[in-house]
Amino acid sequence: MNNPRVAINGAAGRMGRQLLLALAEHPSCELGAAAEYAGHASVGHQVALLEPAYADRSDARDVIDALPPVVDQFDVCVDFTRPDVTLAMMSALAGTDKSFVVGTTGFDANGVAQLEQVAKEHAVVFAPNFSVGVTLTLGLLEAAAASLGDDYDVEIIEAHHRNKVDAPSGTALRMGQSVAKALNRDLDACAVYGRQGITGVRDHKTIGFETVRAGDIIGDHTVLFAGQGERIEITHRATDRMTFARGAIRAAHWVSSQPPGLYDMTHVIGLG
Ligand code: NAD
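No experiment lies behind these values; they were computed from the predicted model shown.

Draft legend 1. Expanded view of the overall build of the protein. For the protein, the helix and strand inventory stands at eight helices and 11 strands. Principal-axis analysis of the C-alpha atoms gives the protein an extent of 60 × 40 × 30 Å. For the protein, buried positions account for 49% of its 272 residues. Look at the contacts in the protein between residues 6 or more apart in sequence, and 69% of them connect residues 24 or more apart. Of the roughly 12,900 Å² of accessible surface on the protein, a fraction of 49% belongs to carbon and sulfur atoms.

Okay, structure coming up:
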């Protein structure tokens, strides 16, 4: 699709506002709708109040509290909200021809199964991290783990701002999956989340996760491979949420011309 019209669900959020700006910057996407929950202060007001770039744009609209009534005004819905909100939105749009970009994190196994079900009828890009740098880092991690094998202990340390509500981050878990896959391990069986008290010696086939929540950190991830006499650390640091927003809008443009299926950012940037 040449100029897909994009709905932003959760438009007033930290990511929502950045998505509005990234959309305004994109040369061949336009805003189709901006939604928040019923009762949010922005509903009924011009989207330019959330993102000033819309002050003189022809695709500026009022923020609405439900997408189904404007279903003919957008092609793709980009959602960075909460798992229950994402699934309710998808359920409300079932039976339409809409595509989805889901950046929301914190889905449980049941939630992921519901996303997979939706992807049988719709094109869905679902990624815990839309930055191109993290997407490339996942490939580096697989290569490192495959070369280093079981002789190196793997620990994943992530840091985010104080308002993040889920832990460990979706990106840390995705990094863990890349490492576990390369080491022929099942992440569910080998993951250890935090440590306290008399833990005993480290089982060398575990993958450890440590979480930091502090201040305004946008998103830091380090994967540590520690062997005898040396350590390798692969680190990604996000310094601006626009990196996620630009990636998500790139995904929205890409997914608008894809058949139903579940995709991630590797497909969007041509690595998948
Ligand atoms: P946020 O709390 O600032 O924003 C969420 C927004 O959703 C809020 O404005 C809220 O009012 C809105 N919302 C709540 N209920 C709604 C409803 N029923 N309908 C429409 N909107 C509704 O959070 P955030 O920091 O923007 O993060 C949102 C999600 O995105 C989190 O899960 C976070 O982990 C994830 N995230 C993902 C990436 C990525 O690259 N995939 C990057 C950053 C954040």
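The rest of the description comes next.
Draft legend 2. Region of interest: the domain arrangement of the protein. Segmenting the protein into domains produces domain 1 (5–126 + 241–268) and domain 2 (132–238). The gap between the C-alpha centroids of domain 1 and domain 2 is 29 Å. Contact residues are listed per partner, giving 10 residues for domain 1 and 10 residues for domain 2. Here domain 1 meets domain 2 over a buried area of about 820 Å², counting both sides, of which 57% is carbon and sulfur. In terms of surface lost to domain 2, no three residues of domain 1 exceed Arg14, Thr105 and Arg241, which account for 46% of the buried area on that side. Here domain 1 is connected to domain 2 by one salt bridge. Linking arginine 174 and aspartate 264 is a salt bridge whose minimum nitrogen-to-oxygen distance equals 3.9 Å. Going through the elements one at a time, helix H7 (242–255) and helix H8 (265–268) are the ones with two or more residues in the side of domain 1 that touches domain 2.

Draft legend 3. The site of the ligand, seen in detail. Around the ligand sit 21 residues in total, of which Arg14, Met15, Glu36, Thr105 and Phe130 are the nearest. Within the backbone of arginine 14, an N or O atom sits 2.9 Å from an oxygen atom of the ligand. Asparagine 129 has a polar backbone atom sitting 3.5 Å from a nitrogen atom of the ligand. Protein burial of the ligand: of its 860 Å² of free accessible surface, 80% is covered by the chains.

Draft legend 4. Spotlight on the sheet that holds strand S4 (residues 99–102). Sheet architecture is open: six strands sit in the order S2-S1-S3-S4-S5-S11, paired in parallel fashion. Two strands close off the open sheet at either side, each with one partner strand: strand S2 (30–35) and strand S11 (261–263). Geometrically, the sheet is characterised by an average inter-axis angle of 20° between neighbouring strands, direction not taken into account. As paired elements, strand S1 (residues 5–9) and S2 share five bridges and run parallel to each other. Considered in S2, the bridge of isoleucine 8 is made with alanine 34. Packing of helix H2 (residues 83–92) onto the sheet brings it into contact with S1, strand S3 (76–79), S4 and strand S5 (123–126), and relative to S4 it is tilted by some 180°.

Draft legend 5. Local environment of the sheet that holds strand S10 (residues 231–238). Pairing is mixed across the open sheet formed by five strands, whose spatial order is S7-S8-S6-S9-S10. Only two strands of the sheet have a single neighbouring strand rather than two, namely strand S7 (191–193) and S10. Each neighbouring strand pair of the sheet contributes to a mean axis angle of 15°, computed without reference to strand direction. Inspection of the sheet shows strand S9 (residues 219–226) paired to S10 by eight bridges, in the antiparallel sense. In the sheet register, glycine 219 faces S10, and the bridge partner there is alanine 238.

Draft legend 6. Here's a closer look at the environment of aspartate 220. Relative to the helices and strands, aspartate 220 resides in strand S9. Ignoring sequence-local partners within four residues, the contact set of aspartate 220 consists of Ile157, Glu158, Ala159, His236, Arg237 and Ala238. Among the polar contacts listed, one links the side chain of aspartate 220 to the side chain of arginine 237, at a separation of 3.2 Å.

Draft legend 7. Spotlight on helix H4 (residues 132–148). For H4, built from 17 residues, the straight-helix expectation of 24 Å at 1.5 Å per residue is met to within 8% by its first-to-last C-alpha distance of 25 Å. Among the residues of H4, Val134, Thr135, Thr137, Leu138, Leu141, Ala144, Ala145 and Leu148 are the ones counted as buried. Those residues of H4 hidden inside the fold are in contact with helix H5 (170–182), S9, S10 and H8.

Draft legend 8. View of the side chain of threonine 86. Structurally, threonine 86 is set in helix H2. Engagement of the side chain of threonine 86 in a polar contact is seen with the side chain of threonine 81, the distance being 3.3 Å. In contact with threonine 86, other than residues within four places in its own chain, are Asp79, Thr81, Val102, Thr104 and Phe107.

Each value, and the rule that gives it
Residue positions are counted from 1 within each chain, in the order its sequence is given. A pLDDT threshold of at least 70 governs which residues receive local features in this predicted model, and a stricter bar of 80 or more applies before side-chain atom pairs are shown or counted, although totals over entire chains, interfaces and linings include all residues. Side-chain numbers come from the whole structure's heavy atoms, not from hydrogens or water. Comment: elements are numbered from the N terminus, with helices defined as DSSP H or I runs of at least four residues and strands as E runs of at least two. The buried label applies to any residue whose accessible area, calculated with a 1.4 Å probe on protein chains only, is under 20% of its type's maximum; exposed applies above 50%, and partly exposed to all values in between. In this analysis, two residues are considered to be in contact whenever any of their non-hydrogen atoms come within 4.5 Å of each other. Note on areas: these come from Shrake-Rupley sampling with a 1.4 Å probe, and a residue is covered only by the protein chains present in the view. Residue ranges labeled as domains rest on an automatic or database domain assignment. When two components associate, each loses some accessible surface as probed by a 1.4 Å sphere; the sum of these losses over both components is called the buried area. Throughout this description, the term salt bridge denotes a Lys or Arg side-chain nitrogen within 4 Å of a carboxyl oxygen of Asp or Glu. Whether a residue is near a molecule or strand depends on its heavy atoms: if one lies within 4 Å, it is near. Under the rule applied, a polar contact is a pair of N or O atoms within 3.5 Å (in protein, one hydrogen donor and one hydrogen acceptor; residues adjacent in sequence only if both atoms are side-chain atoms). Any two strands between which DSSP finds at least two bridges are classified as paired. To obtain each axis, a line is fitted to C-alpha atoms, and for helices this fit is confined to the stretch in contact; angles are then taken between N-to-C directions over 0 to 180 degrees. In this analysis, the expected span of each helix is defined as 1.5 Å times one less than the number of residues it contains.

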